[in-house]
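Chains, contacts and geometry: an overview
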Amino acid sequence: MMTDKPLILWFRRDFRLSDHPMLAQAVATGRPLIPVFVLDAQAEVLGAAAKWRLGLALAHFSQVLARLGQRLILRRGDPLAILQDLVAETGAAGVMWQRMYDPQAVARDTAVKAALKAKGLVAESFPGALLIEPWEVATGQGGFYKVYSPFWRAVSARGFAAPVPSVTSMCTPDVWPASDNLADWQLGAAMRRGAAVCLPHQRVGEAKALARLDEFIEESVERYRAARDFPGQIGATSGLSENLAWGEIGPRTIWAAGQRALHEGAAGAEHFCKELVWREFAYHLMHHSPQILTQSWRDGWEGFAWRGDNPDAEAWRRGMTGEPFVDAAMREMYVTGRMHNRARMVVASYLTKHLLTDWRVGQAWFAECLTDWDEAANAMGWQWVAGSGPDAAPYFRVFNPAGQAEKFDSDAAYRRRWLAEISPKPGPDALSYFAAVPERWQLRPRAAYPAPIVTLAEGRARALAAYAARDGAEPTQTHGEE
């Protein structure tokens, strides 16, 4: 093959220039490079918020590449057909990409690689989305880890190479292939009026992600362990889930920063690194047991007496359950595209236990509303709380929203921030929720706050009775409550 033949770089969720092994290797070949994004079937079915956020990421990354004299070529359709067409149009030597790990992506990428190689073309996939590939860590018996603590010990003991330096220049082709217009894709169409409300809460692109990391390490990592569970404490967490989800920052960049802080004595740095490895654990599990995305992971849970979608779940989606901590969290997600992790546990427990609703109902709503949507992490998180997943807390644990609020929002700052109905002078965040939701919901900030759709005692008792029926035992009030 002639060395002046270009390479097609197939970007998916890796919109950055640094800590990017595929991009660094491609630049090192000295070939002209043609960055491409394909809006395929997987991207087409993203939830409203995630699809809109993808559009923001693409627009920004196009600008970043333009500053290097590059272009991001946009095409829509079947990736294999499009990539083959681009090879024919440009005379490219082949295609490079960063790996994805969900079952659909693996099947797609495997087919693309086989077809390209069969034609004698370059077809190379690279790591970069994770600290460690899901198949590279195993138990002493050669199996995969099903519990987080030993996984953390195994992964953290390995050490990782330094992040790959940022690419500062790229060779360009003499002739560019045609590109779709991003605006024509209307990736934000399903967000309707909510997009304007959600936009100020996004920090799009690699530069903002790196600044966000630096700010967190300098100002907040010291108190991370002590403060991370308190959703009313602004800046106590990094907020990097948004940027990790779209590959606007590499995990090794985050790990390296956390490790530096740890070695400099920052008290919360190890817990920060553990949260990053919790994400790795989710991908490890998805690789080895992909059914975790759609089925109860533990045996015996598919027949559990969860309800399907129901009117109570609709009240939960709308932030109108009458439980202030739950409703505040649901509104935070709708307005910002993210939700504090402590709040995620509480709202998931409330839906699956107090409302006895299938975890997949909640998983689907999170997929619709989160701009940091991560298929592996969210599936594992939902199943962990529901009790059906790996490394689950005791399945009979029921988070008490009122008790959680008293413990982690004792001054009610979080609840007042998001619930206009309980605030004497509602702030912009509380009011913006009503500007974002569909008009058909007919929600008004001055309306009376709803009564609880179920009392906490009643919901807990119902959940314990369902667990007892599952176990063939009598319900007991000694089961854990938090």
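Our subject is the structure that appears above.
Cut-offs used in this document
Residues numbered from 1 in each chain as written. Predicted model: local features only at pLDDT ≥ 70, side-chain atom pairs only at ≥ 80, totals over all residues. Heavy atoms only, no water. Helix = DSSP H or I, 4+ residues; strand = E, 2+ residues; numbered from the N terminus. Contact = heavy atoms within 4.5 Å. Expected span 1.5 Å × (residues − 1). Buried < 20%, exposed > 50% of the residue type's maximum accessible area, 1.4 Å probe, protein only. Arc of directions from axis to C-beta. Pairing = 2+ DSSP bridges. Axes fitted to C-alpha atoms, helices over the stretch in contact; angles between N-to-C directions. Phe/Tyr/Trp six-rings, centres within 6.5 Å; stacked < 30°, edge-to-face > 60°. Lys NZ or Arg CZ within 6 Å of the ring centre and 35° of its normal.

Now for the environment of R212. Summarising the element assignment, R212 is placed in helix α9 (residues 206-219). Remark: the alpha-carbon pair of R212 and K117, spanning 95 residues in sequence, is separated by 40 Å. In this view, R212 contacts R203, S238, G239, L240, E242, N243 and R338; residues no more than four positions away in its chain are not counted.

To continue, consider helix α13 (residues 269-288). Counting along an α-helix, one turn takes 3.6 residues, and residues three or four places apart therefore face a common direction. Between its first and last C-alpha, α13 extends 29 Å over 20 residues, near the 28 Å set by a 1.5 Å rise per residue. Counting buried positions along α13 gives 14 out of 20 residues, so the element sits mostly inside the fold.

In this section: helix α4 (residues 79-90). Along its twelve residues, α4 runs 16 Å from first to last C-alpha, staying within 8% of the 16 Å computed at 1.5 Å per residue. The complete set of buried residues in α4 reads P79, I82, L83, L86, V87 and T90. The arc enclosing the buried residues of α4, seen along the axis, measures out at 140 degrees, which places them on a common side. Among the structural elements, β1 (7-11), β2 (33-39), β3 (73-76), β4 (94-98) and α5 (103-118) are those in contact with the buried residues of α4. Just downstream of α4, G91 is the residue with a positive phi angle, here 70 degrees.

Assignment of secondary structure puts G459 in helix α22 (residues 456-471). When its relative accessible area of 0% is taken as the criterion, G459 is described as buried. Linking G459 and P150, residues 309 residues apart in sequence, is a C-alpha distance of 34 Å. Excluding its chain neighbours within four sequence positions, the residues that come into contact with G459 are K353, H354 and V454.

Right, let's talk about the sheet that holds β3 for a bit. Taken in spatial order, the five strands of this open sheet run β3-β2-β1-β4-β5, and their pairing is parallel. Bordering the open sheet on either side are β3 and β5 (122-126), each of which pairs with just one other strand. Pairwise comparison of adjacent strand axes, ignoring direction, gives a mean angle of 25 degrees for this sheet. Where helix α1 (residues 21-28) meets the sheet, it contacts β1, β2, β4 and β5, and its direction lies at approximately 170 degrees from that of β1.

Turning our attention to unusual backbone geometry. A positive phi angle, near 50 degrees, is found at Q186, a position not held by glycine. Positive phi values are uncommon outside glycine, yet Q442 reaches one of about 55 degrees. With a relative accessible area of 62%, Q442 lands in the exposed category.

Attention shifts here to the packing of aromatic side chains. Tallied over the entire structure, the rule returns 31 aromatic pairs. Seen from their ring centres, Y145 and F151 are 5.9 Å apart, and the 75 degrees between their planes marks the pair as edge-to-face. For F151, a relative accessible area of 0% translates into the label buried. Here F304 and Y467 contribute two aromatic rings whose centre-to-centre distance is 5.6 Å and whose plane-to-plane angle is 20 degrees, an arrangement assigned as stacked. Highlighted residues: F304 in the loop between α13 and α14 (311-317) and Y467 in helix α22, separated in sequence by 163 residues. The two residues F304 and Y467 agree in class, both being buried. Linked through ring pairs, F11, F15, F37, F61 and W185 together constitute an aromatic cluster. Taking NZ or CZ as reference, R317 lies 6.0 Å from the ring centre of W365, over its face.

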